[in-house]
Amino acid sequence: LGFEGSANKVGVGLVDKEGNILANPRRTYITPPGTGFLPRETAMHHRAKVLEVVRECLDEAGVGPDDLECLAYTKGPGMGGPLVSTAVAARALALLWGKPLVPVNHCVGHIEMGRVVCGA
């Protein structure tokens, strides 16, 4: 179960051992045109939405916590507040469910996901 929250989008995705995407729901923090998004408000959005997105992800994939091997989260780079909010949620669930927690570099995550999707 992977958590991503490095900017204005918070998402939780799940893949199987072959790299098939089982679920990938997300929520985007949208501000009025021309205002941009600030770390504090974006982090508040992520805190308010992340558990809803986790539940949606597990439901869509048809799995429960016992079916998971580990939880992963974006460690950085990204916006500090949103990253921390997402990491805290991932850490709390990893502790609650007794699963290993794996930090992932945001840039490496993009590269590896591209490899999976393209079969490279």
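Caption draft 1: Representation of the overall build of the chain in the model. Of regular secondary structure, the chain possesses three helices and six strands. Walking the chain from its N terminus toward its C terminus, one meets helices and strands in the order β-β-β-β-α-β-α-β-α. Along the longest, intermediate and shortest principal axes, the C-alpha atoms of the chain span 40 × 35 × 25 Å. A total of 120 residues make up the chain; the buried ones form 34% of that total. Looking at the chain alone, contacts between residues at least 24 apart form 69% of all its contacts between residues at least 6 apart. As displayed, the chain offers around 6,900 Å² of accessible surface, 60% of which is attributable to carbon and sulfur atoms. The distance from the centre of the 12 positive side-chain charges to the centre of the 12 negative ones in the chain is 8 Å.

Caption draft 2: The arrangement of the pattern of salt bridges in detail. In this structure the tally under the stated criterion is six salt bridges. Residues Arg 27 and Glu 56 are paired through a salt bridge, measuring 2.4 Å at the closest nitrogen-oxygen approach. Of the two residues, Arg 27 is situated in strand β4 (residues 26–28) and Glu 56 in helix α1 (residues 39–61); the sequence distance between them amounts to 29 residues. Of the residues examined, Glu 56 reaches a relative accessible area of 30% and is grouped as partly exposed. Between Glu 112 and Arg 115 there is a salt bridge; the shortest N-O distance is 3.3 Å. Of this pair, Glu 112 and Arg 115 both sit in helix α3 (residues 106–118), three residues apart, roughly one helical turn.

Here is what the cut-offs are and how they apply
Residues numbered from 1 in each chain as written. Predicted model: local features only at pLDDT ≥ 70, side-chain atom pairs only at ≥ 80, totals over all residues. Heavy atoms only, no water. Helix = DSSP H or I, 4+ residues; strand = E, 2+ residues; numbered from the N terminus. Buried < 20%, exposed > 50% of the residue type's maximum accessible area, 1.4 Å probe, protein only. Contact = heavy atoms within 4.5 Å. Areas by Shrake-Rupley, 256 points an atom, 1.4 Å probe, with all protein chains shown as cover. Lys, Arg positive; Asp, Glu negative; His and termini not counted. Charge placed at Lys NZ, Arg CZ, Asp CG, Glu CD. Salt bridge = Lys/Arg side-chain N within 4 Å of Asp/Glu carboxyl O.

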